[in-house]
Amino acid sequence: MGEVADAESLIAEIEALGVKLQKARQSIGRVIFGQDEVVDQVLITFLSGGHVLLVGVPGLGKTKLVDTLGTVMGLDARRVQFTPDLMPADILGSEVLEEGADGKRAFRFIQGPVFCQLLMADEINRASPRTQSALLQAMQEHKVAIAGQILPLPEPFHVLATQNPIEQEGTYPLPEAQLDRFLLEVQVDYPDEAAERAMLLATTGASEARPVAAMTARELIAAQALIRRMPVGEQIVDAILKLVRGARPGEGGLRSVRDNLAWGPGPRAAQALMLATRARAVLDGRLSPSLDDVLALAEPVLRHRMALSFAARADGVKLSDVIAELKASLG
């Protein structure tokens, strides 16, 4: 009897979360046009408790999306423009020497912008590796080590980083260890004609629509805990393992994997898929993930966690083609 009651309670909680997420989608849709899939993938990342890397050319609304999400999800959002001269202290904070009223001097720590709930790292690949690495501990452990002290970050904590795929001169590619800390890599493409028309009319008038809050930070934390309680069928677990393990050159059975990949995804990829498929099911109004969820999220989960060999790049092989073969092997 208790198991039945627990199941009914879980179903009711998932359905209630689905209603809140629909309100969040509608609020975001008033401001962001033609990027429904991008919005969904970012919401999936939030529900999974992860970070997201947005890759796209300038002017597609990536910064606007982060601002909007901060408002809609009730999060304290801050923005850092990454530049070559940016230092780790500009992100984490620094100690300053102050003199008190009694004449005594003491160090006081001034928190940097990382002490927030939603951090936008704009053009993250423009900063030096030393500065990029300042985010590694924050992204993985939600805390930072400064001046011999371990300081916790606010909860929830999410990093939304942007990257321009075209202008690569004077940039520092993200190391594999940092890429692996992003739950999803989301490609932001140009909107279609209808969406661009709606955007043109909505943003050049006397007034613009503004997003409204649909959730709070506390509700998002509860939603992240709920996602982890969702049941996942054995078939879905097997599909996730087959996909991730099959993408490793040393283990993959596909010839395209063995011949073209220099390295493949680690266990974090499987963990990301387990969480993200659950979150996608909730967004779709379903109570458990399906194989379609695995297939839909395979590319954003895998593409930044695997790399082509030099020979494959020279032959014009694309990662998307290799991932497409991996997805076909699940069918």
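To keep things clear, this report deals only with the structure shown in the data block. (Residues numbered from 1 in each chain as written. Predicted model: local features only at pLDDT ≥ 70, side-chain atom pairs only at ≥ 80, totals over all residues. Heavy atoms only, no water.)

1. Considerations on the pairing of strand β1 (residues 52-55)
The two faces of the sheet receive side chains in turn, since in a regular strand these alternate between them.
Thinking step 1. Of the two faces of β1, the one carrying Val-52 and Leu-54 and the one carrying Leu-53 and Val-55 are both buried.
Thinking step 2. Both β1 and strand β8 (residues 158-163) contribute to a ladder of 4 bridges, which runs parallel. Across the sheet, the residue bridging to Leu-54 is Thr-162, located in β8.
Thinking step 3. For β1 and strand β9 (residues 184-187), the ladder comprises 4 bridges, and the chain directions are parallel. Of the residues in β9, the one forming a bridge with Val-55 is Gln-187. (Buried < 20%, exposed > 50% of the residue type's maximum accessible area, 1.4 Å probe, protein only. Helix = DSSP H or I, 4+ residues; strand = E, 2+ residues; numbered from the N terminus. Pairing = 2+ DSSP bridges.)

2. Some words on the environment of Gly-29
Thinking step 1. Mapped onto the secondary structure, Gly-29 falls in helix α1 (residues 2-29).
Thinking step 2. With a relative accessible area of 37%, Gly-29 lands in the partly exposed category.
Thinking step 3. Between the C-alpha atoms of Gly-29 and Ala-209, which are 180 residues apart in sequence, the distance is 9.9 Å.

3. Structural notes on the packing of helix α10 (residues 234-246) against helix α15 (residues 319-330)
Thinking step 1. Packing of α10 against α15 brings their axes to within 10 Å, and their N-to-C directions diverge by 145 degrees. Helix-helix and strand crossings are classified by hand; for α10 and α15 the assignment is right-handed. Between α10 and α15, the contacting residues are Ala-239, Lys-242, Leu-243 and Gly-246 on the first element and Leu-326, Lys-327, Ser-329 and Leu-330 on the second.
Thinking step 2. The class makeup of the residues in the contact of α10 with α15 is 4 nonpolar, 2 polar and 2 charged. (Axes fitted to C-alpha atoms, helices over the stretch in contact; angles between N-to-C directions. Left-handed = near helix turned anticlockwise from the far one by under 90°. Contact = heavy atoms within 4.5 Å. Nonpolar A, V, L, I, M, F, W, Y, C, P; charged D, E, K, R; others polar.)

4. Observations regarding the pattern of salt bridges
Thinking step 1. Applying the stated criterion to the full structure yields 14 salt bridges.
Thinking step 2. Glu-185 is paired through a salt bridge with Arg-303; the nearest N and O atoms lie 3.5 Å apart. Highlighted residues: Glu-185 in strand β9 and Arg-303 in the loop between α13 (291-302) and β11 (307-308), separated in sequence by 118 residues.
Thinking step 3. Glu-185 sits in the buried class, given a relative accessible area of 12%.
Thinking step 4. Each member of the salt-bridge network shares a partner with another, and the members are Arg-280, Asp-284, Arg-286 and Asp-293. (Salt bridge = Lys/Arg side-chain N within 4 Å of Asp/Glu carboxyl O.)

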